[in-house]
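Residues per chain are reported as follows:
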Amino acid sequence: MRRAQGFGSVPHLAIRFFGSLVPVGPKAESERWARAELSEEELRLFGRMSAADRRHAIGVARRAIALAAERRLGGGSLPEGFTAAALLHDVGKIESRLGSFSRVYATLAAIVLGRRRVVAWYEPEGGPTPRSFAARTSAYVQHDRIGAALLEQAGSSRLVSAWAGDHHLPEERWSVDREVGRLLKLADGD
Ligand SMILES: [Fe+2]
Ligand SMILES: [Fe+2]
């Protein structure tokens, strides 16, 4: 199956696309639960995520916790930052500010043209001109790296920033513990 290197496949894209069209955020109770798991800085980042992305993040975190309990990860006590890592793995998408249709375009561009070429369209925010659509597309396809940098700046624990950076890489390139990464990946449904 054709994939942009480490960045989704067409069936995965279709599932996420239809999910993202549901214009509702997480339930208030879920949102409260998620917020209690995050530091003040992380909370600020989480609050900038779209409603659909927050809903996805909370679903991932709940599934990851259930899987960890089922498999007795760490003898029953979760590794430091486990829940926050699930909640914030896609936080880098805040830099792209792309809607559902543009995200499909971005993923297809990465699949068809190759991720490296799309990454080269990147321009940082805060330049003399507003960022182009190409630059935002580029930010979207590298939301893993951008998220890791944002979380490092926010002073998150190592697992949180490392998983944001690793979550689209093949397992052999992960910097996080394999068992932990496998659970987080499974919960993400990629
Ligand atoms: Fe992602
Ligand atoms: Fe995700």
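Preceding this section is the structure that the text describes.
Residues numbered from 1 in each chain as written. Chains lettered and ligands numbered in written order. Predicted model: local features only at pLDDT ≥ 70, side-chain atom pairs only at ≥ 80, totals over all residues. Heavy atoms only, no water.

Trainee: Quick question: what am I supposed to make of the coordination of the iron ion (ligand 1) here?
Mentor: Working reference: metal with six octahedral donors, ideal angles 90 or 180 degrees; metal with four tetrahedral donors, ideal angle 109.5 degrees. Protein coordination of the iron ion (ligand 1) is provided by Asp90 (OD), His143 (NE2), His167 (NE2) and His168 (NE2), with donor distances spanning 2.1 to 2.2 Å. Each of the 4 donor atoms bound to the iron ion (ligand 1) contributes to angles spanning 86 to 175°, and the resulting shape is irregular. The sequence pattern describing where the donors of the iron ion (ligand 1) fall on their chain is D-x52-H-x23-H-H. Between the two metals, the iron ion (ligand 1) and the iron ion (ligand 2), the spacing is 4.4 Å, and Asp90 donates to both. Taken together, the positions of Asp90 in the loop between helix 5 (82-88) and helix 6 (100-113) and His167 in the loop between helix 10 (158-166) and helix 11 (178-188) put the pair 77 residues apart, joining distant regions of the chain. You'll find Asp90 and His167 in the same group, each marked buried. (Donors = N, O, S within 2.8 Å, 3.2 Å for Na, K, Ca; no water. Tetrahedral: all angles 85-135°; square planar, octahedral: opposite > 155°, others 65-115°. Helix = DSSP H or I, 4+ residues; strand = E, 2+ residues; numbered from the N terminus. Buried < 20%, exposed > 50% of the residue type's maximum accessible area, 1.4 Å probe, protein only.)

Trainee: What is the right way to look at the pattern of salt bridges in this model?
Mentor: Once their charged atoms are close, side chains differing in charge can pair, the charge on each being opposite to the other. By the definition in use, this model includes 11 salt bridges. Salt-bridge contacts for Glu40 lead to Arg44; the nearest nitrogen and oxygen are separated by 3.6 Å. Within this pair, Glu40 and its partner Arg44 are both found in helix 3 (residues 40-47), separated by 4 residues, close to a single helical turn. (Salt bridge = Lys/Arg side-chain N within 4 Å of Asp/Glu carboxyl O.)

Trainee: Could you clarify how one ought to interpret helix 6 in this entry?
Mentor: Count 3.6 residues to each turn of an α-helix, and residues three or four apart come out pointing the same way. The end-to-end C-alpha separation of helix 6 is 20 Å, in line with the 20 Å expected for 14 residues at 1.5 Å each. Looking one or two places after helix 6, you find Gly114, whose phi comes out positive at around 100°. (Expected span 1.5 Å × (residues − 1).)

Trainee: Can you walk me through the packing of aromatic side chains in this structure?
Mentor: For any pair of aromatic rings, the description rests on two quantities: the centre-to-centre distance and the angle between the ring planes. Applying the stated criterion across every chain yields a total of 2 aromatic pairs. Between Arg62 and the ring centre of Trp33, over which it is positioned, the NZ or CZ distance is 4.4 Å. (Phe/Tyr/Trp six-rings, centres within 6.5 Å; stacked < 30°, edge-to-face > 60°. Lys NZ or Arg CZ within 6 Å of the ring centre and 35° of its normal.)

Trainee: Hey, could you run me through the nonpolar core in this one?
Mentor: A general feature of soluble globular proteins is that nonpolar side chains tend to end up buried together. Counting residues in each nonpolar core, the largest one holds 39 residues, and the members touching the most others are Phe46, Phe82, Leu87, Leu88 and Leu184. Looking at this core, the elements that each hand over two or more residues are helix 2 (28-36), helix 3, helix 4 (51-70), helix 5, helix 9 (143-153), helix 10 and helix 11. The dominant element in this core, judged by the number of residues it contributes, is helix 4, at 7 residues. The contacts of Leu184, once residues within four sequence positions are left out, are Val60, Ala64, Phe82, Ala85, Ala86 and Trp163. (Core = buried A, V, L, I, M, F, W, Y, C linked by side-chain atoms within 4.5 Å. Contact = heavy atoms within 4.5 Å.)

Trainee: Hey, could you run me through the environment of Ser132 in this one?
Mentor: Residue placement: Ser132 occurs in the loop between helix 7 (115-119) and helix 8 (133-141). Separated by 10 residues in the primary sequence, Ser132 and Tyr122 place their C-alpha atoms 9.1 Å from one another. Of the polar contacts made by the side chain of Ser132, one reaches the side chain of Glu123; its length is 3.4 Å. (Polar contact = N/O pair within 3.5 Å; in protein donor to acceptor, adjacent residues only side chain to side chain.)

Trainee: Would you mind showing me how to read the coordination of the iron ion (ligand 2) here?
Mentor: On the protein side, the iron ion (ligand 2) has His56 (NE2), His89 (NE2), Asp90 (OD) and Asp188 (OD) as donor atoms, found 2.2 to 2.4 Å from it. Considering all 4 donor atoms around the iron ion (ligand 2), the spread of angles at the metal, 81 to 168°, places the coordination shape in the irregular class. Summarised as a motif, the one-chain spacing of the donors to the iron ion (ligand 2) is H-x32-H-D-x97-D. What makes Asp188 buried here is its relative accessible area of 7%.

Trainee: Is there a simple way to explain the side chain of His89 in this structure?
Mentor: For His89, the position within the fold is in the loop between helix 5 and helix 6. Polar contacts involving the side chain of His89 include one to the side chain of His56, which spans 3.3 Å. Once residues lying within four places of it in the same chain are set aside, the contact partners of His89 are His56, Val60, Trp163, Ala164, His167 and Asp188.

Trainee: I'm lost on the packing of helix 4 against helix 11 in this one. Help?
Mentor: Two packed helices can be described by the angle between their axes and the distance between those axes. Relative orientation of the contacting elements helix 4 and helix 11 amounts to 130°, with a least axis distance of 8 Å. Classed by the angle they form, the pair helix 4 and helix 11 counts as oblique. In the packing of helix 4 onto helix 11, the handedness of the crossing is right-handed. Listed contacts from helix 11 to His56, Val60, Arg63, Ala64, Leu67 and Ala68 of helix 4 are Leu183, Leu184, Leu186, Ala187 and Asp188. For the contact of helix 4 with helix 11, the per-class residue count stands at 8 nonpolar, 1 polar and 2 charged. (Axes fitted to C-alpha atoms, helices over the stretch in contact; angles between N-to-C directions. Parallel < 35°, antiparallel > 145°, perpendicular 65-115°, else oblique. Left-handed = near helix turned anticlockwise from the far one by under 90°. Nonpolar A, V, L, I, M, F, W, Y, C, P; charged D, E, K, R; others polar.)

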